[in-house]
Each structure stands twice: as C-alpha cells, then as structure tokens.
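An overview of the molecular structure
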Amino acid sequence: DITVELDDDGNVSITADQVVTPGLSACGSVPVVVVEPLDFDCGDIGPNPVTITLFVGDDFVECEAIVTVEDNFSPSVSCAPDLMINDSADGLDCAHTITDGSLDPVSTTDNCDDFTLTHDYGPAPSNTTLNGAEFPVGITTVLWTITDNGGTGQSSTCDVIINVIDNTGPECID
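Notes on the structure in this doc start here. (Residues numbered from 1 in each chain as written. Predicted model: local features only at pLDDT ≥ 70, side-chain atom pairs only at ≥ 80, totals over all residues. Heavy atoms only, no water.)

Some words on the packing of aromatic side chains
Which entries qualify depends on this criterion: Two rings from Phe, Tyr or Trp (for Trp, the six-membered ring) form a pair when their centres are within 6.5 Å of each other. A pair whose planes differ by under 30 degrees is stacked, one over 60 is edge-to-face, and the rest are tilted. By the criteria applied, helices consist of DSSP H or I runs no shorter than four residues and strands consist of E runs no shorter than two, each listed in order from the N terminus. We call a residue buried when its accessible area falls under 20% of the maximum for its residue type, exposed when it is over 50%, and partly exposed in between, using a 1.4 Å probe and counting protein chains only.
Taken as a whole and assessed by the stated rule, the structure comprises two aromatic pairs. Pairing Phe55 with Phe60 gives two aromatic rings, centres 5.8 Å apart and planes at 40°, and the pair type is tilted. Aromatic side chains Tyr121 and Phe135 sit 4.4 Å apart centroid to centroid with 15° between the ring planes, which places their arrangement in the stacked category. With Tyr121 in the loop between strand S11 (115–119) and strand S12 (134–136) and Phe135 in strand S12, this residue pair connects regions lying 14 residues apart in the sequence. Of the two residues examined, Tyr121 and Phe135, each falls in the buried class.

See the structure below:
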C-alpha cells in the first residue's frame, strides 16, 4: 500500500514497482506484472483499490493493494486592487455602493477546482461577492479566503482595502 500526492494539475500516476515486488516463480521465472489502474485524479482522493496481476506463462495470480491519493496542493487567491473613492461618486452621501464585481478576486487557482471562495464583510448581500455591498466613509478591509474542499482543508487569503472619502460639503443649518 502506498500514498501519493496529486500534482499541480490534479493528477498522479504510479508504476507497478511502487506497489509490488514480484520476485521469482517457484521455477525461477520472472513474472509479468500488470497493475490497474495506474492513473489517478481529483475524483480519486482517498483510498483506492488497485488490482495486481502476476503472470507466469498461462498461470496468474491476482491480489489487491491500496493507493491513497492526497490533495496537498494549496489553493491561491489574488485580490483586486485597493479602491479609494469619494462618497458622492454613486450619488449617495456618507457611503459608497459597489455595483459590479470589481472588488471580487481577480484570480483563483486550485489543482482540483473544488474550492469555496468567501469574504468576511458582513454587510454585503452575499459572502461570495462584493457586488451590492455598501461601504461607509472611512477605511474598510475585506478579507477573502479560498478553501480547498477536496484536500485537507488548505486555504489562503488576500485582502482588499476600500477607502471611502467624505467629499460632501458642509451645510449651514439655520
């Protein structure tokens, strides 16, 4: 039995000699070894039985080994550039509402594409986008987290800083 790790593309291949050392037959012949399967991918994370068949002439014997496939590749996330904007840029005073995905991450990578991407800005309408989020005057830092669902829970983070500047002129009140 062996344990193998998926590569950056979510694949791994084994060779017969990783799971069996055949030795010689009772008459001194070297058996032909066939191991199936040899290739694994993201759908195979965890223990996988492999069939080992040893052939000597017309005779053969089968046995089984376990190949445990692990996803230890850490996902990554790259945040959008920080934003500095006037509070009146969207017609509102004392806040600014994001009306597109411009503050969502610009890239994510994971070898198995089985991940969750969330942010920690509670006032946003969704924890998976900042589209529709209203930010108050001042500096707000939003932390984005990508978590690998198929692996061992690896994660990485980045943050985006939103600085809403109060450019609404003061008014005299009688």
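Picking up after the structure, the text goes on.
Thoughts on the nonpolar core
Cut-off, in case you're wondering: Side-chain atoms within 4.5 Å link the members of a nonpolar core, which is a set of buried Ala, Val, Leu, Ile, Met, Phe, Trp, Tyr and Cys residues. The contact criterion used is simple: two residues touch if any of their non-hydrogen atoms lie within 4.5 Å.
The biggest cluster of nonpolar side chains holds 18 residues, and the ones touching the most others in it are Leu130, Phe135, Val142 and Trp144. Secondary-structure elements contributing two or more residues to this core are strand S13 (138–148) and strand S14 (155–165). It is S14 that provides the largest number of residues to this core, a total of four residues. Leave out the neighbours within four places in its chain, and Phe135 touches Ala95, His96, Ile98, Leu103, Tyr121, Leu130, Thr140, Val142, Ile162 and Val164. Counting residues in each nonpolar core, the second largest holds 16 residues, with Leu6, Val35, Ala65 and Val69 among its members.

Some remarks on the side chain of Gln154
What counts here: Any pair of nitrogen or oxygen atoms within 3.5 Å is treated as a polar contact; in protein, a donor-acceptor pairing is required on top of that, and neighbouring residues in sequence qualify only through side-chain atoms on both sides.
Within the secondary structure, Gln154 sits in the loop between S13 and S14. Separated by 3.4 Å, the side chain of Gln154 and the backbone oxygen of Asn72 make a polar contact. Dropping the residues within four chain positions of it, Gln154 is found in contact with Asp71, Asn72, Phe73, Ser74, Pro75, Ile146, Thr147 and Asp148.

Some words on the sheet that holds strand S1 (residues 2–5)
The strands making up a sheet are joined through hydrogen bonds of the backbone, oriented either antiparallel or parallel. The cut-off we apply is this: Paired strands are those between which DSSP finds at least two bridges. Fitting a line to C-alpha atoms yields each axis, with helices limited to the stretch in contact; the angle taken between N-to-C directions then spans 0 to 180 degrees.
Spatially, the four strands line up as an open sheet ordered S1-S6-S5-S3, and their pairing is mixed. Only two strands of the sheet have a single partner each, and these edge strands are S1 and strand S3 (32–36). For this sheet, the mean inter-axis angle between neighbouring strands, taken without regard to orientation, is 30°. Direction of pairing for S1 relative to strand S6 (residues 59–70): parallel, over a ladder of four bridges. Paired with Thr3 across the bridge in S6 is Thr68.

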